[in-house]
Every structure is written in structure tokens, then in C-alpha cells.
Amino acid sequence: MEAVTTARERLERAALAPVTGTSRWYYAWVAFLLMVIAWGVYAYSRQLHDGLIVTGMRDRISWGLYITTFVFFIGISHAGTLISAILRVSQARWRTPITRMAEFITVVALCCGALFVIIDLGRPDRVLNVIIYGRWQSPIIWDVLAITTYLTASIAYLFLPMIPDLALFRDRLAGRVAGWRIRLYDLLSVRWQGTAAQWRYMGGAITTAMILIIPIAVSVHTVVSWIFAMTLREPWNSTIFGAFFVAGAIFSGIATLIVVMAVLRKVYHLEEYITEKHFVYLGYLMAAFALIMIYGNISEYLTTGYKMEEGAEFHFRQLFLEQFAGFYWFYLIGGLVVPGLLILLPWTRNIWGIVAAALLVDAAMWVERYFIVVAGFRVPLMPYKPSVYAPTWVELSVMAAGFALFALLITLFVKVFPILAVWEVAEDLETPELAPEAGRLPSGAAPEPAGGGSR
Amino acid sequence: MGRRGVLRLLGVGALGIAPLPILPSLLRSALSGKLVRSRGPVARTPDGRIRQWSMVIDLRRCDGCQSVGLPPQCTAACIEGHFGPEPMEWIQVFEGDLPGGGTQFIPTPCQQCQNPPCVNVCPVAATFSTPEGTVLIDQERCIGCRICMAACPYDRRFFNWGKAPVPPESLMADYSAEHQVPTRRGTVMKCDFCPDMMRDGVLPYCVQACPNNAIYYGDLEEDVASNGDEIIVVSRFLSENQAYRIKEDLGTKPRVYYIPGHGEAVGRDVFKKGRLPTRWPWVETVKGARTWKR
């Protein structure tokens, strides 16, 4: 019992540390991100002033980096909620230290992604027309509905399990931090006292939310793919697109979660809670999705390539042999095969190997989204010479600002909210064999299968 | 929270959600006081049936204006009539390859589909089908998302990427979706099939300008069309001349029909390739305008 108390105290200290102490590097990092964002805002102001002519997009390739980034962000938003909900449903206890980060990635990625659709509009001043004149037949309206629903549900799903931790912050931090913070925690912890009735209500609410959020998350990326699949363009005119997009979304989502987890673990010294086990289990999940992606690619390209209709031939040439070949092979080899090997081979199956795999996957999935958009548009529809698309500094700056905003929101979040689900981790601590020390893998030992940690 | 509290919460929630379905209508009535100027009255036959505009392009007569030594005149006239900014060619003369190495010229306006992919995907009904069977765009509603350009399988939609290079006098015109003058930055444009001209009994610019009278324009309802020189019975003309529509297999059901050919009726040699590039005639354009490539 003695050991448990100290573990609990250490846990609270670890959860409170980011909020109570701020290093010089933190300010430098925030300043850097703000500078990138400011530059992006300047670039966007040029775009507002001169029109979309400042981008590299033109009539024949009329979507570019913005829509790519939108799809990518909506993709990584599956990091969180879906993964955390699936792990919660399957009662994998090892999930507890990472769920909060995962759920927060979802909310932030959705906000950043939705922003890029508005940035891409020719008339952002008329964005309200979507509500005033919206018509349900349009895939864009499906998207608006799906993303707002997912965002609402994700915020709820982030907030509900955070209530006891907010109450903990309210109680532990009283007098130690600025007044607005205490008022914020007071407000957000909705008078949580930890009574049995409150626990019961919250448990019920979390269960409902986690079951609801899985179909919502699946629908979101399916609908995003339908923006493309509802058109008559050769590479997009595909029934597998929805499923393929969802798989790719979860795949890149896991990768992003691994990267964010590695950074926060290092910066806030969470080594005791986020152990190699978490990386390895998430790595297994990612390897499984790499296999699903490989299957999806074979299924997609064999069925069209075997018959090789006219447009398909052009598309195959530009992807595998010409224009885009270098990057496309990087996606296939570097993004699907190599990460899988890094995870499956025992001598790279450690934190570094898995983080490297995750970085590769994130880069490759961005590249894949880019090719879906740009290469899809490039297939000629009429007898004209295929167009070229090269993003301009404006698009690159705005995109960089988007990623900086993503990083900034996460950086600010860990300063205000508990990054560890304290009460959930504490529940684990009470079962001795699941104490964090036991979670660490003895070197050389084969890890137990993912999800089996609770039994 | 007791049972009463939960019920109260549910009640307040229901009251909060109830107005959502009518919110768009409320916003519409509150914001759009002025009448939509997008479209004039529907064209009708003398006995009151709605006209069904359609076009027949006889490729046997199209030589890409090689014989007159000018850029395609349909495109040129359309640009002049609509103050078309560079690089928009609402009716564009493509040169398609024929088996055996020859080529044919294919003047391609908006195909005015009866199952229009662009109209289906538009989120705000800025592009819409008319009772006359044509497809128009309301540039005062378009939000510039460009999903219609992704959806159009004929590459017939054009975006105003920047300040369009149009003559200053075009800015004084009264806007209507049937003529699309003046242009609006950040919105999509395309061939409007000139219903405003036909209402006054005038053939569209492209039809008037074709030196070989290759383009017929008319009404499927009365089964009549004209190239400005002769009048045809559309159903008979289409049936007797192996008419086809571009990408018929897509099921878009275009209103533009083609008679296969390569300019043989006006003496073009099938191996004589190339046409002159389109020129935009504007001597003076609005200040700060820039052209772009397609």
C-alpha cells in the first residue's frame, strides 16, 4: 500500500509538472511556432488580396497543397479518438497513459484540417452560403456535417474522462497558479467531488461516447474520400476509396500519435508512464495497418491496371514510371514496407525504430494524399497536354503555418490541461502487476500481444 | 443530477435543436432582400411548351478555321460577346487524334448535361439546371470550392484565379447568370448556352461566327435547329448522320450532339494538322489584371 501511495504521488507530480514549471525552451519553441504562423498569415493575406492566382493551382489541377493538407489532417485526427475508443472498447488497459494525448490530437487536427478547406475557397467571404443555401446532395455538405459532428463528439470524448483530472488540478493547484487557471478548472470540472453517483454517471457517459464515436470517425473519412469518389475522374472513380481512406487515416493517425507521444515523453519526462511497451503495441497496430494499406493498394491497382483503360494507363505511367515515380515508390517502399519491417524485425523493435517508422509513415501518407489529389487531377479529360502543378511560396507558407498551428495548440494544451489521464492510470497502479515498472519490457524478451495487457 | 434535472436538460436541448432545420430558411429570408438576378423568364414555344435548347455540331464542316487562316472563329466570337478573360475558351476547339494518324477538330462548349455531375456536387446550388435543360452558374452565390471543376468530365469549367484581364467597360454591365458579365474573382464560369440571346431570337455568338456554318442551335421541343443558313429537323438530322455525344458512356446525357467528321465537307485534308492559337482582343484591360495559364 505504501508503494502505491508514493506511485500515486509521483503520478500526480508528473501530471502537474508541465503546468507548474515552464522552461526557457518552451518560450523559444512557442515564439518559433508563432513566427511560422505569422508568416503563413502574411502569405494568406497576399492570397486574399490577389486571389488564388498566387497559388500554383489552375483550372486543370484545381486542388493542390491545401486540399492535400486538409485530407492529411482529417486523416491524423483518427489518431486519437478512434484509437482510444477502440482500445477502451476492447478494454486494453495499457492505453491509459496515452489516451488523453490521442484524443487531443483528434480535436486539434480536426480544427486545423477544417481551416484548410476555408483557405482553399475562392470566396471565403461567402462561406456562410454553405449554411444558407446548403444542399444535401453535395459531398461537401456531407463533409461539413460529418466533420462538425466528429469535432463535437471528439470534444465531448476528450472532456468527459478529463473531468476528474480537472478537479484534481483545481484542488492541487489552488494558490499555486494564476487566478484565471483556477477559475477555468473550477468551471470545467463541473463541481466534481468524486462521489459514487458522479463516477457512475461519468462511466455511463464515457461508454456511450466511445461507442458512438467509432461509427462517426469511420464515416468522417469515408465522406472525405467521397469528395473525390463522387466524380467521374479515372483514378477517383473507385468503390474502394472510402475504406482505403479510412485505413490510411488510422494508419497515419497511429504514426502521428507515436511521434507526439515520443516528443512529450522526452520533454516532460514521462518515461515512467509511457514505456517501450506502448510504442511496441502501437507499432504492432501500425504494422497491421501497413498490411491493410498494402492490401488496399494491390486491390486498387491490380483491378484497374489489369484492364488498363485509357485514363488508367496514363495514371499508371505518371505514378510508377514518370512524373511522380520517385515519390510514389517512396510511398510504397518507404511508407508501407520499411515501417512494417522496422516494427516486425526484433532488432529495430524499440522506441527509436518505431518512432523512425512512424515518421516515415507520416511523410509517406502525406505524399499519398498529395498524389491522390494532384495526380488524379492531372489525367487529361480531353485532347490537351497534361498540366503541371507546382506549389508556390504562398501555399507552402500557409501549409507550414497549418502544421505550426497544430504543434502550437498541442504545446499550449499540455500547459493548461492534464496530459495524463491521472485517474485512469491510477486505477492501473492499484493492480500491482500492472504497475508501470512491470510494463517495461525486459530486454530481449518478446512482448506480449497488443491488447493482452489487461489479462 | 436527479431525474428532474435530466428531464429539464433534455427539454432545453430539444428546444435548442428544434430551430436548426429551419435556420437556413430564416437566414435566407433575413439576408437576401433583393431578388435573385440570375435568370430571365423561361423560353416557350408559341403554344406554351418550354423550349429545350440543344446544339448539333457537324464535324464534317469544322476545319478549325484553317481555310480562313484565323484562330477558331466560334471561340473568338464567344470571347468578344462575353468579354471572356484570357485564358478562358468557353467553346474550345480541341484537335483530336484519329486512327491512322489524321486529326479532327472538335469545338467543345459546355455539354449542358441532363444528368450534370457539376450540379450534383455543388454545395450551395450556385450551379443549377434550368427548365430549358441548360446548366448555369450564379457567380453571386458561388463560394469557389471548385468541386464542380473536379466533377466535370469535359474540362469545361473555368475559374477566376485572379483579377481577370477584361476590358474596363465590361464592369459596367448588368450581371446575369445567363451572360456572366462582368466576371467575379474567385468564382467558376463556363459556356452559358446564351439563353438570353435566344429569347430575343438571336443565335449564339459561336453559331453566328462559324464561317462554315458547322454549328446548329435549336429547340428539341419543336424539333428544329439552325446554323444561321439552313434549318434542320433535329431528330431526322441526328438519326441520319450517325450523331453521337462525347463520353456517352458516362451517362451525363449531354445536350450537345456531334456528327462525326474531320472537315471533309469544307475540303480539309485529314492530315493537315494544327490550328492558330486563340487571341484575346482586349487592347485595354482593368488595372492590375493578370492573365494565367489553364
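Every chain begins its residue count from 1, and numbering advances along the sequence as written. To read the labels, note that chains go from A and ligands from 1, taken in the order they are written. Whole-chain, interface and lining totals are the exception, using all residues; otherwise, since this is a predicted model, local features are given only for residues with pLDDT of at least 70 and side-chain atom pairs are given and counted only at 80 or more.

Caption draft 1: Here's a closer look at the overall build of chain A. Along its length, chain A carries 18 helices and 0 strands. Referenced to the eigenvectors of the C-alpha coordinate spread, the extents of chain A come out at roughly 80 × 50 × 40 Å. Here exposure depends only on C-beta density: within 10 Å of a residue's C-beta, 20 or more other C-beta atoms make it buried, 12 or fewer make it exposed, and intermediate numbers make it partly exposed, the C-beta atoms being placed from the backbone. A burial count over chain A gives 47% of its 455 residues as buried. The numbering of helices and of strands both runs from the N terminus, where a helix is a DSSP run of H or I of at least 4 residues and a strand a run of E of at least 2.

Caption draft 2: Representation of the overall build of chain B within the structure. Within chain B, the regular secondary structure consists of 8 helices and 11 strands. Projected onto the principal axes, the alpha-carbon positions of chain B cover approximately 90 × 50 × 40 Å. When each of the 294 residues of chain B is scored for burial, the buried share is 46%. Throughout, a residue-residue contact means that the two C-beta atoms, derived from backbone geometry, are no farther apart than 7 Å. Contacts in chain B between residues at least 24 apart in sequence constitute 66% of all its contacts with a sequence separation of at least 6.

Caption draft 3: Structural context of the interface of chain A and chain B. Chain A puts 35 residues into the contact, and the matching count from chain B is 42 residues. Contributions of two or more residues to the side of chain A that touches chain B are made by α6 (129–132) and α7 (139–159) of chain A. Considering every element that reaches the side of chain A that touches chain B, the biggest residue donor is α6(A), with 4 residues. Classification convention: Asp, Glu, Lys, Arg as charged; Ala, Val, Leu, Ile, Met, Phe, Trp, Tyr, Cys, Pro as nonpolar; all other residues, Gly among them, as polar. Tallied by class, the residues present in the side of chain A that touches chain B amount to 19 nonpolar, 8 polar and 8 charged.

Caption draft 4: Spatial organisation of helix α15 (residues 351–378) of chain A. Residue and element names in this part refer to chain A. If you check α15, its first and last C-alpha atoms are 40 Å apart, about what 28 residues at 1.5 Å a residue would give, namely 40 Å. At any given residue, the bend is defined as the angle formed between two axes, one fitted to the seven residues that end at that position and one fitted to the seven that begin there. Helix geometry: α15 is bent most strongly at F371, by close to 25°. Across the 28 residues of α15, 21 count as buried, placing the element largely inside the fold. Expected span of a helix, by definition, is 1.5 Å for each gap between consecutive residues, and there is one gap fewer than residues.

Caption draft 5: Looking closely at helix α12 (residues 276–307) of chain A. In a regular helix each residue adds 1.5 Å, so 32 residues correspond to 46 Å; α12(A) covers 46 Å between its end C-alpha atoms and thus fits that length. Looking one or two places after α12(A), you find A:M308, whose phi comes out positive at around 55°.

Caption draft 6: Spatial organisation of the pairing of strand β1 (residues 53–58) of chain B. All names here are of chain B. Burial of β1 is extensive: 6 of the 6 residues sit out of reach of the surface. Side chains of β1 alternate between two faces, with W53, M55 and I57 and S54, V56 and D58 buried alike. As paired strands, β1 and strand β8 (residues 215–219) are joined by 5 bridges and run antiparallel to one another. Residue W53 lies in a different strand from β8, and its bridge partner there is D219. A pair of strands is labelled paired if DSSP reports no fewer than 2 bridges between them. By the bridge criterion, 4 bridges tie β1 to strand β11 (residues 256–259) in an arrangement that is parallel. Within the sheet, the bridge partner assigned to D58 lies in β11 and is I259.

Caption draft 7: Structural view of the nonpolar core. What makes a nonpolar core is a set of buried Ala, Val, Leu, Ile, Met, Phe, Trp, Tyr and Cys residues, with links drawn between C-beta atoms within 7 Å. Among the nonpolar cores identified, the biggest contains 203 residues, and A:M101, A:I105, A:F251, A:I254, A:L257, A:M286 and B:I215 are the most heavily contacted of them. Looking at which element gives the most residues to this core, the answer is α15(A), with 16 residues. If we skip the residues at most four places from it in the chain, B:I215 touches B:M55, B:I57, B:C74, B:P107, B:C206, B:V207, B:C210 and B:N227. Counting 5 residues, the second largest nonpolar core, distinct from the first, contains B:F83, B:A164, B:V181 and B:W282.

Caption draft 8: Focus on the sheet that holds β8(B). Residue and element names in this part refer to chain B. The strand order β10-β9-β8-β1-β11 describes an open sheet built from 5 strands, whose pairing is mixed. Whereas interior strands pair on both sides, the edge strands pair on one side only; in this sheet they are β10 (231–233) and β11. Put simply, the sheet's adjacent strands are angled 25° from each other on average, direction ignored. Axes, fitted as lines to C-alpha atoms, cover a helix only where it is in contact. Angles between the N-to-C directions of the axes lie from 0 to 180 degrees.

Caption draft 9: Quick look at the confidence of the model for chain A. Of the residues in chain A, 93% reach a pLDDT of 70 or more, and the chain-wide mean stands at 88. Within the model, pLDDT remains below 50 along residues 433–455 of chain A, and this stretch shows 31 contacts once partners closer than five positions in the same chain are excluded. For every residue, the predictor assigns a confidence score, pLDDT, that lies between 0 and 100.

Caption draft 10: Summary view of the environment of A:F104. Residue and element names in this part refer to chain A. As for its position among the elements, F104 is in helix α5 (residues 96–120). You can call F104 buried: it has 23 C-beta atoms within 10 Å. Residues F104 and L405 lie 301 residues apart in sequence; the distance between their C-alpha atoms is 14 Å. Residues contacting F104, with those up to four places away along its chain left out, are G80, L158, I410 and F413.

Caption draft 11: Fine view of the packing of helix α4 (residues 80–89) of chain A against helix α10 (residues 196–229) of chain A. Residue and element names in this part refer to chain A. α10 packs onto α4 with a crossing angle of 135° between their chain directions and a minimal axis gap of 9 Å. Overall, the two elements α4 and α10 adopt an arrangement that is oblique. The two elements α4 and α10 cross, and the hand of that crossing is left-handed. On α10, the residues touching T81, L82, A85, I86, R88 and V89 of α4 are M210, I213, I214 and A217. Here the residues of the contact of α4 with α10 are counted per class, giving 8 nonpolar, 1 polar and 1 charged. Geometric relationships in this document are graded by angle, where less than 35 degrees denotes roughly parallel, more than 145 denotes roughly antiparallel, 65 to 115 denotes roughly perpendicular, and other angles denote oblique. Two helices that cross are described as forming a left-handed crossing if the nearer one is turned anticlockwise from the farther one by less than a right angle, and a right-handed crossing if clockwise.

Caption draft 12: Spotlight on the environment of A:D125. Within the fold, A:D125 resides in the loop between α5 and α6. Taking the C-alpha atoms as reference points, A:D125 and A:A426, 301 residues apart in sequence, are found 49 Å from one another.

Caption draft 13: Molecular detail of the pairing of β8(B). Residue and element names in this part refer to chain B. Counting buried residues along β8, 5 of its 5 residues qualify, which places the element largely inside the surrounding structure. Here β8 shows a buried face lined by I215, Y217 and D219 and a second buried face lined by Y216 and G218. Sheet topology places β8 next to strand β9 (residues 224–226); 3 bridges connect them, and they run antiparallel. Bridge pairing in β9 links Y217 to S226. Hairpin remark: β8 followed by β9, antiparallel, with 4 residues in the connecting loop; positive phi at D223, about 60°.

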